[in-house]
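# Fold and geometry: a report
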Amino acid sequence: MTEIIKVTGLCKSFGGVHAANNIDFSLQEGEVRGIIGPNGSGKSTFFNLLTGIYTPDEGTIIYDGHNIAGWEPHRIASHGIARTFQLLRMFTEMSVLDNLMIGCHCQVNYGALSAPFAPLTIAREEKVLREEMMDILQTIGLADYAHVTASEMSIGQRRLLALGRAIAMKPRILMLDEPAAGLSPVNVDNLMAIVMKLKDKYGLTLIIVEHILKVVMETCDRISVLDHGEKIAEGSPDEVRDDHAVIEAYLGKEMADDEVRQLLAS
Ligand code: ADP
Ligand code: MG
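Residues numbered from 1 in each chain as written. Chains lettered and ligands numbered in written order. Predicted model: local features only at pLDDT ≥ 70, side-chain atom pairs only at ≥ 80, totals over all residues. Heavy atoms only, no water.

### Some words on the sheet that holds strand β10 (residues 230-235)
- If you trace the six strands from one edge of the open sheet to the other, you get β6-β7-β8-β3-β9-β10, paired in mixed fashion. In this open sheet, the two edge strands, each paired with only one partner strand, are β6 (81-83) and β10. Recorded for the sheet is a direction-independent mean angle of 20 degrees between the axes of neighbouring strands.
- In this structure, strand β7 (residues 173-177) lies alongside strand β8 (residues 205-209), joined through five bridges in parallel fashion. From the neighbouring strand, Ile173 faces β8, where its bridge partner is Thr205. (Pairing = 2+ DSSP bridges. Helix = DSSP H or I, 4+ residues; strand = E, 2+ residues; numbered from the N terminus. Axes fitted to C-alpha atoms, helices over the stretch in contact; angles between N-to-C directions.)

Given below as structure tokens:
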């Protein structure tokens, strides 16, 4: 296995709050990594630092031979780290297919074309692109909705579309921000099954930030646990579930470890 991303000494403060405090983090290619932690523990901050929404105060993020710390979000995205947003962002009056086409628009290489043949070549490229996008829609189960406008879709379907848009960017790393939020248990299971299908099909590495522990415990190879901006534990789901520091961080010290463990497992 090769290391795809390596984070060292990552720090970010807001006022006096250490939202990320000296975080080291390493990810193997092909891994499914969960990031968990109580509310306010720094999960979103970590996510935002990796995707360029926040600029780190200190630390390095080595990816693909570059230190991407402080890069603009679009530059990070175009280098292969795609994300979904907790709030669904899409063009509601466009068709599902066009929403995907727009997501990967930057990939059609108009600039390199020689002028007389450009229209033909562009048409051909768009056809190939359209086929690729239809293939993604097939995989996420939305092929029948390709020509429906996004506004006509249910929340669950929009979640899938958001996922499809991220995949359309052909990422190496896909970062999911609370993918299960607001979904019914059945829809969560469906979404995660599709996420794993996409992972296998496109050879993705996944980072899943999620407060619904069941999702992370069932899906991830390894889990990193944050508390007060620090990484307090890391390991397999079983290791993390049994880690005393995790149990304390999550639920305070009042409950017996057994009770808490049960809760983490539920
Ligand atoms: P989580 O996602 O685990 O709930 P966050 O990363 O959102 O945690 O927050 C970690 C801490 O950083 C919190 O104390 C939060 O208030 C603070 N924080 C995060 N983003 C900002 C911001 N943009 N401005 C000020 N404080 C922030
Ligand atoms: Mg958050």
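### Considering the environment of Met133
- Tracing the sequence through the fold places Met133 in helix α4 (residues 118-139).
- Among the residues examined, Met133 registers a relative accessible area of 1% and is labelled buried.
- Considered as a pair, Met133 and Ala168 are 35 residues apart in the sequence and their alpha carbons are 6.8 Å apart.
- Not counting chain neighbours up to four residues away, the residues in contact with Met133 comprise Leu97, Leu100, Met101, Cys104 and Ala168. (Buried < 20%, exposed > 50% of the residue type's maximum accessible area, 1.4 Å probe, protein only. Contact = heavy atoms within 4.5 Å.)

### A short note on the sheet that holds strand β1 (residues 3-14)
- Strand order in the open sheet formed by four strands is β2-β1-β4-β5, and the pairing between neighbours is antiparallel. The open sheet has two free edges, formed respectively by β2 (17-28) and β5 (66-67), since each of these has just one partner strand.
- The pairing of β1 with β2 spans eight bridges and is classified as antiparallel. Residue pairing for β2: Leu10 is matched across the bridge by Ile23.

### Topic: the side chain of Lys199
- One can find Lys199 in helix α6 (residues 185-202).
- An unpaired buried charge is present at Lys199: no salt bridge exists, and Asp200, the closest side chain of opposite charge, is 4.4 Å distant.
- When residues no more than four places from it in sequence are discounted, the contact partners of Lys199 are Gly30, Val32, Leu204 and Leu206. (Lys, Arg positive; Asp, Glu negative; His and termini not counted. Salt bridge = Lys/Arg side-chain N within 4 Å of Asp/Glu carboxyl O.)

### As for empty space enclosed by the protein
- A full pass over the atoms with the stated rule returns one cavity of 30 Å³ or more.
- What the largest cavity holds in volume is close to 90 Å³.
- Those elements that place two or more of their residues in the lining of the largest cavity are α5 (155-168) and β7.
- The element that contributes the greatest number of residues to the lining of the largest cavity is α5, accounting for three residues.
- Residues of the lining of the largest cavity, tallied by class, amount to seven nonpolar, one polar and three charged. (1 Å grid on protein atoms, 1.4 Å probe; cavity = no way out; pocket = protein on both sides within 12 Å on 5 of 7 lines; lining within 4 Å. Points joined across faces, edges and corners; volume = space filled by probe spheres on them. Nonpolar A, V, L, I, M, F, W, Y, C, P; charged D, E, K, R; others polar.)

### Regarding the site of ligand 1
- In the neighbourhood of ligand 1, the contacting residues comprise Phe14, Val17, Ala19, Pro38, Asn39, Gly40, Ser41, Gly42, Lys43, Ser44, Thr45 and Tyr54.
- The backbone of Gly40 places a nitrogen or oxygen atom 2.7 Å from an oxygen atom of ligand 1.
- Contact distances for ligand 1 include 3.1 Å between an oxygen atom and a backbone N or O atom of Ser41.
- For ligand 1, the protein covers 62% of the area, taking 550 Å² as the surface of the free molecule.
- Those elements giving two or more residues to the shell around ligand 1 turn out to be β2 and α1 (43-50). (Near = heavy atom within 4 Å. Polar contact = N/O pair within 3.5 Å; in protein donor to acceptor, adjacent residues only side chain to side chain. Areas by Shrake-Rupley, 256 points an atom, 1.4 Å probe, with all protein chains shown as cover.)

### Section: the pattern of salt bridges
- Scanning the entire structure with this criterion turns up 13 salt bridges.
- In this structure, the salt-bridge partner of Lys12 is Asp57, at a minimum N-O distance of 3.9 Å. Here the residue Lys12 occupies a position in strand β1, and Asp57 occupies one in the loop between α1 and β4 (58-63), the gap between them amounting to 45 residues.
- Classification of Lys12 as buried rests on a relative accessible area of 13%.
- Judged by its relative accessible area of 44%, Asp57 is partly exposed.
- Between Lys127 and Glu131 there is a salt bridge, with the nearest N and O atoms lying 3.2 Å from each other. Of this pair, Lys127 and Glu131 are both found in helix α4, four residues apart, which corresponds to roughly one turn of the helix.
- Relative accessible area serves as the criterion here: at 54%, Lys127 is assigned to the exposed category.
- What emerges from the salt-bridge pattern is a single network uniting Glu31, Arg33, Lys231 and Glu234.

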